[in-house]
Amino acid sequence: MVHKPLPVDSLRIKRYSLFQTSLRKFSSETTEQQAKNYEDPAVPSEVMENLKAQVQKISQAMALGEYAQAQKMITAYKGELEKYFTPDHPAYLSYENNQGVLWRMNGHFQDAYDLLFSVYNKYCKLLTKAHPSTISACVNVATVLRDLEDYDQSVKYYEEAIEMRKQTVGDQHPEYAMVLGMSAGAYRKKGDTQTAYRNLKEAYMVMANHYQGEECIPCAVILNSMGLLFKHQQKYERAIDSYERCLNIREKIQGPSHPDAIATRHNISELYNVWGKPEEAESMIKENLKYMEELREREAKARENHSHHNHHNH
């Protein structure tokens, strides 16, 4: 049986299935880091509070996979920001960083690269290479280079970020493990499956140790990557084990209609196809279509709420 590709939103799902989308919370800078970037005595404190609140709402929309909503909010936010900050101020660079990440999520990889690379260079000059914001920006550059299929350059930036994280937070820290795990996709695409596996294994150990078990989103991300790697190596039993553990965590923590859970099911259906199990693939796709419909309804409701009340309801 020749299997037809996903009829609905297949490009969108394909994008979601790039495992790193689930790292949006980390790779758009952490909220505390952004808050530090805003400290500016010349700006009234109520303005600062309002800007910080907007950043949190944008981060929330991105974390929920509501990218269209996040884009509207980020455009409005930029207008506010420009009243108080010049384009070389860290607060403005934080905005550009988030805009670049959002473009990447929406598949505008070249635009995202141009912006994120420029942010990274500005941070290097402004804050030094060892600053958390610079390292985050370096990770974002590496990730979008992977999306653009420039795997050699991607690995170069990942290695720089891994080294800087190791120097600044040590090799038992989740932020170090996160970059290590993210780098695996670029190594796998480069054909270096050995380094890919080694990095994933180390990242998993650090995360599971830090979160006292694998029931956390960072471990789900790593398990999804392991699934991709094992599938690539035609180790299908190990691949399905990794994917199912990942899906179990995602459904528990994020809910079954979250874009990341949808992406994992899509990965499972693709695995069943190459494994020669079309019936399993078919039933997984049917299940996924139901949740995609749920996600669409939720996004429509979010847009409605936003336009009625001009704020985001969760």
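Before reading on, note that the structure itself is shown above.
Before going into details, it helps to say that this report is about the structure given with it. (Residues numbered from 1 in each chain as written. Predicted model: local features only at pLDDT ≥ 70, side-chain atom pairs only at ≥ 80, totals over all residues. Heavy atoms only, no water.)

## Comments concerning the pattern of salt bridges
- Within the structure shown, the criterion is met by 16 salt bridges.
- Of the charged contacts in the structure, one is a salt bridge between Asp241 and Arg245, with a shortest N-O distance of 3.1 Å. Residue Asp241 and its partner Arg245 are both found in helix H13 (residues 236-253); the two are separated by four residues, about one turn of the helix.
- Residue class for Arg245 comes out partly exposed when judged on its relative accessible area of 28%. (Salt bridge = Lys/Arg side-chain N within 4 Å of Asp/Glu carboxyl O. Helix = DSSP H or I, 4+ residues; strand = E, 2+ residues; numbered from the N terminus. Buried < 20%, exposed > 50% of the residue type's maximum accessible area, 1.4 Å probe, protein only.)

## Some points on the packing of aromatic side chains
- The tally for this structure, following the rule as stated, stands at seven aromatic pairs.
- A centroid spacing of 5.7 Å and a plane angle of 40° characterise the contact between Tyr236 and Trp275, whose relative ring orientation is tilted. A residue pair is termed long-range when its members are at least 10 positions apart, and Tyr236 in helix H13 and Trp275 in the loop between helix H14 (259-274) and helix H15 (278-309) qualify at 39 residues.
- Among the residues examined, Tyr236 registers a relative accessible area of 17% and is labelled buried.
- Centroid distance Tyr272 to Trp275: 6.1 Å. Interplanar angle 10°. Geometry classified as stacked. (Phe/Tyr/Trp six-rings, centres within 6.5 Å; stacked < 30°, edge-to-face > 60°.)

## Some words on unusual backbone geometry
- Phi angles above zero are rare outside glycine, and Thr128 is one such case at about 80°.
- Looking at the secondary structure, you find Thr128 in the loop between helix H7 (109-127) and helix H8 (132-147).
- In the Ramachandran plot, Gln234 falls in the positive-phi region, its phi being about 60° despite a non-glycine side chain.
- In this structure, Gln234 sits in the loop between helix H12 (217-232) and H13.

## Some remarks on the packing of H12 against H13
- At a minimum axis separation of 8 Å, H12 and H13 run at an interaxial angle of 155°. Classified by the angle their axes make, H12 and H13 are roughly antiparallel. Both H12 and H13 take part in a crossing whose hand is left-handed. Contacts from Ile217, Ala220, Val221, Leu223, Asn224, Met226, Gly227, Leu228, Phe230 and Lys231 in H12 reach Tyr236, Arg238, Ala239, Ser242, Tyr243, Arg245, Cys246, Ile249, Arg250 and Ile253 in H13.
- For the contact of H12 with H13, the class distribution of residues is 13 nonpolar, three polar and four charged. (Axes fitted to C-alpha atoms, helices over the stretch in contact; angles between N-to-C directions. Parallel < 35°, antiparallel > 145°, perpendicular 65-115°, else oblique. Left-handed = near helix turned anticlockwise from the far one by under 90°. Contact = heavy atoms within 4.5 Å. Nonpolar A, V, L, I, M, F, W, Y, C, P; charged D, E, K, R; others polar.)

Fair warning: the whole summary comes from geometry, so function is off the table for now.
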